[in-house]
Amino acid sequence: MRGHRHEHGRGGWGQRDRYGFGERRGGRRVRAFEQGDLRFVILKLIADEPRHGYDIIKAIEETFGGNYSPSPGVVYPTLTMLEDQGFATVTPGEGSKKLYTLTAEGRAFLDDNKATVDAIFKRMDEVSRRFRGGPAPEIIRAVENFHTALRLRFDRGTLAQEEVAAIAEVIDVAAAKIERS
């Protein structure tokens, strides 16, 4: 899973490019989170209930209607930082899973930053409402699978003319079915 995995368009809310959400403000893309916001989101999520890193990623992804998912490469270092700061504690779980729980220091930090946390979650709610009219996550996933399959096939080398024709036919048939639905 990648933090910027839904690159299905340019411009408009619900459509992302690799730098953020599609709406421009002052010539720059609107990001899912500003610098440092993710730590507040993660703290709030584990304050609501102890969670594994994967559960945190899925909770954020659900908030954005499947259109954004933070990468493990961002979430897990943030969890480690929160643990190092004394805001979260880790309990070993099954296998390599770790269960993160808010500490008293973490609760105090959240309380001291309530206005910031509330503003972040309000912004997330606004973005989430805008996403609800977008493509279904299942369709986005299927398109990504299709894109990955094509890329993997192209990476194996040049296609013979018969292979090109077969792939084009599959795509044309799928497009016709979608158009008729």
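The notes below deal with the structure included here. All of these numbers come straight from a predicted model, not from anything done at the bench. (Residues numbered from 1 in each chain as written. Predicted model: local features only at pLDDT ≥ 70, side-chain atom pairs only at ≥ 80, totals over all residues. Heavy atoms only, no water.)

The subject of this paragraph is the packing of helix α1 (residues 37–48) against helix α2 (residues 53–63). Two measures define how a pair of helices packs: the angle their axes make with one another and the distance between the axes. Look at α1 against α2: their axes get within 11 Å of each other, and the N-to-C directions meet at 105°. One element, α1, and the other, α2, form an angle in the roughly perpendicular class. Each of Leu-38, Val-41, Ile-42, Leu-45 and Ile-46 in α1 lies in contact with α2, whose residues at this interface are Ile-56, Ala-59 and Ile-60. When grouped by side-chain class, the residues that make up the contact of α1 with α2 number 8 nonpolar, no polar and no charged. (Axes fitted to C-alpha atoms, helices over the stretch in contact; angles between N-to-C directions. Helix = DSSP H or I, 4+ residues; strand = E, 2+ residues; numbered from the N terminus. Parallel < 35°, antiparallel > 145°, perpendicular 65-115°, else oblique. Contact = heavy atoms within 4.5 Å. Nonpolar A, V, L, I, M, F, W, Y, C, P; charged D, E, K, R; others polar.)

Before going further, it helps to examine the packing of aromatic side chains. One pass over the full model with this rule turns up 2 aromatic pairs. With a centroid separation of 5.5 Å and 0° between ring planes, the pair formed by Phe-40 and Phe-109 is classed as stacked. A residue pair is termed long-range when its members are at least 10 positions apart, and Phe-40 in helix α1 and Phe-109 in helix α4 (residues 104–112) qualify at 69 residues. Grouping residues by exposure puts Phe-40 and Phe-109 together as buried. Here Phe-87 and Phe-109 contribute two aromatic rings whose centre-to-centre distance is 4.5 Å and whose plane-to-plane angle is 20°, an arrangement assigned as stacked. Here Phe-87 is found in the loop between α3 (72–84) and β4 (88–92), whereas its partner Phe-109 is found in helix α4, with 22 residues between them in sequence. Overall, the relative accessible area of 17% leaves Phe-109 in the buried class. Through a chain of ring-to-ring contacts, the aromatic side chains of Phe-40, Phe-87 and Phe-109 assemble into a single cluster. (Phe/Tyr/Trp six-rings, centres within 6.5 Å; stacked < 30°, edge-to-face > 60°. Buried < 20%, exposed > 50% of the residue type's maximum accessible area, 1.4 Å probe, protein only.)

Our focus in this paragraph is the nonpolar core. Judged by nonpolar contacts, the single largest core of 29 residues is most densely connected at Phe-33, Val-41, Leu-43, Ile-56 and Ile-60. When residues of this core are traced back to their parent elements, those giving at least two are α1, α2, α3, β5 (98–102), α4 and α5 (114–131). If we skip the residues at most four places from it in the chain, Val-41 touches Phe-33, Ile-60, Ile-120, Phe-121 and Met-124. (Core = buried A, V, L, I, M, F, W, Y, C linked by side-chain atoms within 4.5 Å.)

Using the criterion set out here, one finds 7 salt bridges in the structure. Asp-118 is the partner of Lys-114 in a salt bridge, and the nearest nitrogen-oxygen pair spans 2.7 Å. With Lys-114 and Asp-118 both in helix α5, this residue pair falls 4 residues apart, about one helical turn. Looking at Lys-114, the relative accessible area reads 49%, which means it is partly exposed. Asp-118 sits in the partly exposed class, given a relative accessible area of 38%. Among the ionic pairs, Arg-151 bridges to Asp-155, the shortest N-O distance being 3.8 Å. Of the two residues, Arg-151 and Asp-155 are both situated in helix α6 (residues 137–155); the distance of 4 residues between them amounts to about one turn of the helix. Residue classification places Arg-151 among the partly exposed positions, given a relative accessible area of 39%. (Salt bridge = Lys/Arg side-chain N within 4 Å of Asp/Glu carboxyl O.)

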